[in-house]
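Take a look at the letters that make up each chain.
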Amino acid sequence: MTRIGVFGVGYDKYWSQFEGLLEELTEKQDVLVKRVKSNGVEVIDLGLVDNPEKAYCMVDKIGQANLDMIFCDMLTYATSGTFGIIIKTINIPIVLVALQPLKALDYSKASTYMQLANDDICALPEFAGVAVRMGKKVPDMIIGTLYDDPEVDAEIEEYCRIAKVMHDLKKAHLGHIGHPINAMLDMHSDATMLTSFFGSHIVQCEANQLMKSYEEVTEKEIKDCEKKILDFFDTPDPVSDPISMKLKDDDLRMAARVSVALEKFVETHKLDGLAYYYDGPENSELREVMSNLIVGNSLLTAKHIPMCGESDLKTLIALLIFDRLSIGGSFAEFHPVDFKEGFVLVGHDGPHNISIADGKPVLRSLKKYHGKPGHGAGVEFKIKEGPITMLSINSTYDGKFKFIIAEGQSVSGPIPPTGNTNTRGFFEPDVKTFLTRWIKEGPTHHFALGVGHHASTLQKIANYLNIESQVIASDK
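This text gives an overview of the structure that appears in the document. Keep in mind that this is a model prediction, so the values were computed, not measured. (Residues numbered from 1 in each chain as written. Predicted model: local features only at pLDDT ≥ 70, side-chain atom pairs only at ≥ 80, totals over all residues. Heavy atoms only, no water.)

Description of the overall build of the chain
Consideration 1: On a plain count of helices and strands, the chain comes out with 16 helices and 19 strands.
Consideration 2: For 476 residues, the compact-globule formula gives about 23 Å, and the C-alpha radius of gyration of the chain, at 26 Å, lands near that figure.
Consideration 3: Each of the three principal axes of the chain carries a C-alpha extent, and together these read 85 × 50 × 45 Å.
Consideration 4: Of the contacts formed within the chain by residues at least 6 apart in sequence, a portion of 78% connects residues at least 24 apart.
Consideration 5: Entry remark: accessible area of the chain is about 20400 Å², with carbon and sulfur atoms responsible for 52%.
Consideration 6: Of note, the chain has its 49 positive side-chain charges centred 2 Å away from the centre of its 66 negative side-chain charges. (Helix = DSSP H or I, 4+ residues; strand = E, 2+ residues; numbered from the N terminus. Rg over C-alpha atoms; globule rule 2.2 N^0.38 Å. Contact = heavy atoms within 4.5 Å. Areas by Shrake-Rupley, 256 points an atom, 1.4 Å probe, with all protein chains shown as cover. Lys, Arg positive; Asp, Glu negative; His and termini not counted. Charge placed at Lys NZ, Arg CZ, Asp CG, Glu CD.)

Spelled out as C-alpha cells, the structure:
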C-alpha cells in the first residue's frame, strides 16, 4: 500500500516561552494526518522536528519507513536547520504543507501567540533557499488554510494520487513478449534504462508460456467468459467497413479462451502489465492465439492491469501512470484529421481501457487486422466526452526519457465503424497548430489517452523522476 510520511517542523525556543503552543501545533499536525489518510493511503506520523539534532534523527526514521512521499507540515516558523539535512539526504518527493488555522487574524485581539500559531508560511522561503544551496530542487508546496479549503483538499488528493504512481512504478513487474513491429524504430526501449528511471522491472516472457495457459483452459471457463464478454460489449451489425462483420461465434469463443489464458498467465507470472507483439509461424495455433489478445487485454486493462500492443514498453509505463492516477489510460495514436470541423481522430487498433468508454464498447469481427497477421474480434469505442490528457514517453538522443503532454477535449459525434477505438479530439488553438507543436517535441507515434486535464500532475511526476517534460502550448 502507498505510504506517506508526515513530519512537522517548529522552533524549540518557543515551547518554554508560550505555554500551550506545542500542544496546539501537535493538534494541527493530527488534522493533516487525518486529511491525508482519507485519500486511501497509509500515513506514518513521524512526529516533530524542532532543532537540527532531531533533523538528523528524522533522516534515519524516514529511511526505515519505506515511504513513497513525505509531507513536511509547516506548523509555525522553524529554522532551516530542521530541514537542511533532510532535503540533502532524502530522495523521496517532499511537499511543504503550510495550512494556517485561521483564514485571517483577528487584528483587534492579535497576539504573538496567535501569530506563531498561524505562521505556517513564514519559513517557506528559508526552506526553499536552503534546498537550492543543498543542490536540490525547491520542493512543491501546498499553501492554504487548515479548515474549509476545497482547493487544499484537491491538492492533497492530487499528491496522494502521485504517491500511488510513485509507489507502483518502483514495484511494477511489466511483462514483455516478442518485439516491436519491425521498422518501428521509435518503439524500441532499453529495459535497463526503464528500470533506472522508473524502477519498474521488465519481465521478459515467451509466447509458449502463454500457450501453456491457453492449453489448460476448460470448456466451462470458456462459456463463463463468453457470457462476461457479451454482457460487457455490444455486438452490432456491420456498417460501412467491408473488413468488419457482426461478431462471429468462432471469434467470440477464441476471444474468451484467450482471455482466460491471459488472466492465468498474468497471475502466474505476477505481472502488473504487459507489452506484446509476436507474429508466430504462418497458419499456426500460436499465431492465432497471439493475434487474439485484444479482448482479454481490454478486460485486464479495465481491472488496472494495463496492456499494450505493438510491444511498446514506454507507452505501457504511460498507461500504468494514467491508471494509478485514476484517469483511465487508453493506447492511442493520431488518425485522420477532420479539416471541416477542426478535430483529429485519436485512437488505435488492439487493446484499450474500456473503463473510460463513452457508452457500451463494441465488439466486431474483423476479417483482417490491418498491418498485422490474423483476424478476429476488434474493440471499438470512443472515450467519455469532456477534457482529455495525452502523454507520450519517448527516448532522447542522450539515452534519457521525455514526457510530452497535451490537454484537449473529447467531443461527441460519429466515429468510423472499423472495430478500432477513435475519439474526436479538439485541441487549442487549432488542430494544425497543435499537431505541429506536438510533433516538434519528438514524441513516439503512440501515447496514453485519459480523461480530465492533468498536465500539471504529470509534470510533477516527471519532476520527481528527474525526467524532462514539455506541455504543448494552447495559446495562439
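Focus on a nonpolar patch on the surface
Consideration 1: A cluster of nonpolar side chains, contributed by Ile121, Val132, Val138, Met141 and Ile143, occupies part of the molecular surface with about 410 Å² of accessible area.
Consideration 2: Assessed through its relative accessible area of 46%, Ile121 is described here as partly exposed. (Patch = residues over 30% accessible without salt bridge, like charges linked within 9 Å, V, L, I, M, F, W, Y side chains within 5 Å. Salt bridge = Lys/Arg side-chain N within 4 Å of Asp/Glu carboxyl O. Buried < 20%, exposed > 50% of the residue type's maximum accessible area, 1.4 Å probe, protein only.)

Some details on the packing of helix H11 (residues 249-268) against helix H13 (residues 294-302)
To describe two helices that pack against each other, one gives the angle between their axes and the distance between the axes.
Consideration 1: Viewed as axis vectors pointing N to C, H11 and H13 meet at an angle of 50°, and their least axial separation amounts to 7 Å. On the basis of the axis angle, H11 is oblique to H13. Pair H11 / H13 crosses with right-handed handedness. Listed contacts from H13 to Ala255, Ser259, Leu262, Glu263 and Val266 of H11 are Val295, Gly296, Asn297, Leu299 and Leu300. (Axes fitted to C-alpha atoms, helices over the stretch in contact; angles between N-to-C directions. Parallel < 35°, antiparallel > 145°, perpendicular 65-115°, else oblique. Left-handed = near helix turned anticlockwise from the far one by under 90°.)

Section: the pattern of salt bridges
Consideration 1: Summed over all chains, the structure comprises 21 salt bridges.
Consideration 2: Close ionic contact of Arg35 with Asp153 constitutes a salt bridge, the shortest N to O distance being 2.4 Å. Here Arg35 is found in helix H2 (residues 21-37), whereas its partner Asp153 is found in helix H7 (residues 150-171), with 118 residues between them in sequence.
Consideration 3: A relative accessible area of 39% means that Asp153 is categorised as partly exposed.
Consideration 4: A single network of salt bridges, built from pairs that share partners, joins Asp168, Asp323 and Arg324.

Thoughts on the nonpolar core
Consideration 1: Residues Ile229 and Phe265 are the most contacted members of the largest nonpolar core, which totals 61 residues.
Consideration 2: When residues in this core are grouped by element, the largest group, 10 residues, is from H11.
Consideration 3: In this structure, Phe265 is in contact with Ile177, Cys205, Gln209, Leu210, Ser213, Leu271 and Leu274, ignoring residues within four places of it in sequence.
Consideration 4: Of all hydrophobic cores here, the second largest spans 55 residues; its members include Val33, Leu146, Ile156 and Cys308. (Core = buried A, V, L, I, M, F, W, Y, C linked by side-chain atoms within 4.5 Å.)

A word on the sheet that holds strand S7 (residues 201-205)
One key point about sheets: their strands pair by backbone hydrogen bonds, in either a parallel or an antiparallel sense.
Consideration 1: Pairing is parallel across the open sheet formed by 4 strands, whose spatial order is S7-S6-S9-S10. Since the sheet does not close on itself, it has two edges, and those belong to S7 and strand S10 (307-308), each with one partner.
Consideration 2: Across 5 bridges, strand S6 (residues 173-178) lies against strand S9 (residues 273-277) in parallel orientation. From the neighbouring strand, Leu174 faces S9, where its bridge partner is Gly273. (Pairing = 2+ DSSP bridges.)

Observations concerning the pairing of strand S3 (residues 69-74)
Consideration 1: With respect to burial, S3 is a largely interior element, 6 of its 6 residues being buried.
Consideration 2: In S3, alternate side chains face the same way, and those of Met69, Phe71 and Asp73 on one face and Ile70, Cys72 and Met74 on the other are all buried.
Consideration 3: Pairing analysis gives 6 bridges linking strand S1 (residues 3-9) to S3, with the strands arranged parallel. Considered in S3, the bridge of Gly5 is made with Ile70.
Consideration 4: With 4 bridges joining them, S3 and strand S4 (residues 94-100) adopt parallel strand pairing. Within the sheet, the bridge partner assigned to Ile70 lies in S4 and is Ile94.
Consideration 5: Chirality of the crossover, the property in question, places the unit of S3, helix H4 (residues 84-89) and S4 among those that are right-handed. (Right-handed = clockwise from strand over helix to strand, strands pointing away.)

A closer look at the pairing of strand S13 (residues 362-366)
The side chains of a regular strand alternate, first on one face of the sheet and then on the other.
Consideration 1: Within S13, 5 of the 5 residues are buried, leaving the element largely enclosed by the surrounding structure.
Consideration 2: What you see with S13 is no split at all: Val362, Arg364 and Leu366 on one side and Leu363 and Ser365 on the other are buried throughout.
Consideration 3: Where strand S8 (residues 244-246) lies against S13, 3 bridges are found, and the strand directions are antiparallel. Residue pairing in the sheet places Ser244 in a bridge with Leu366 of S13.

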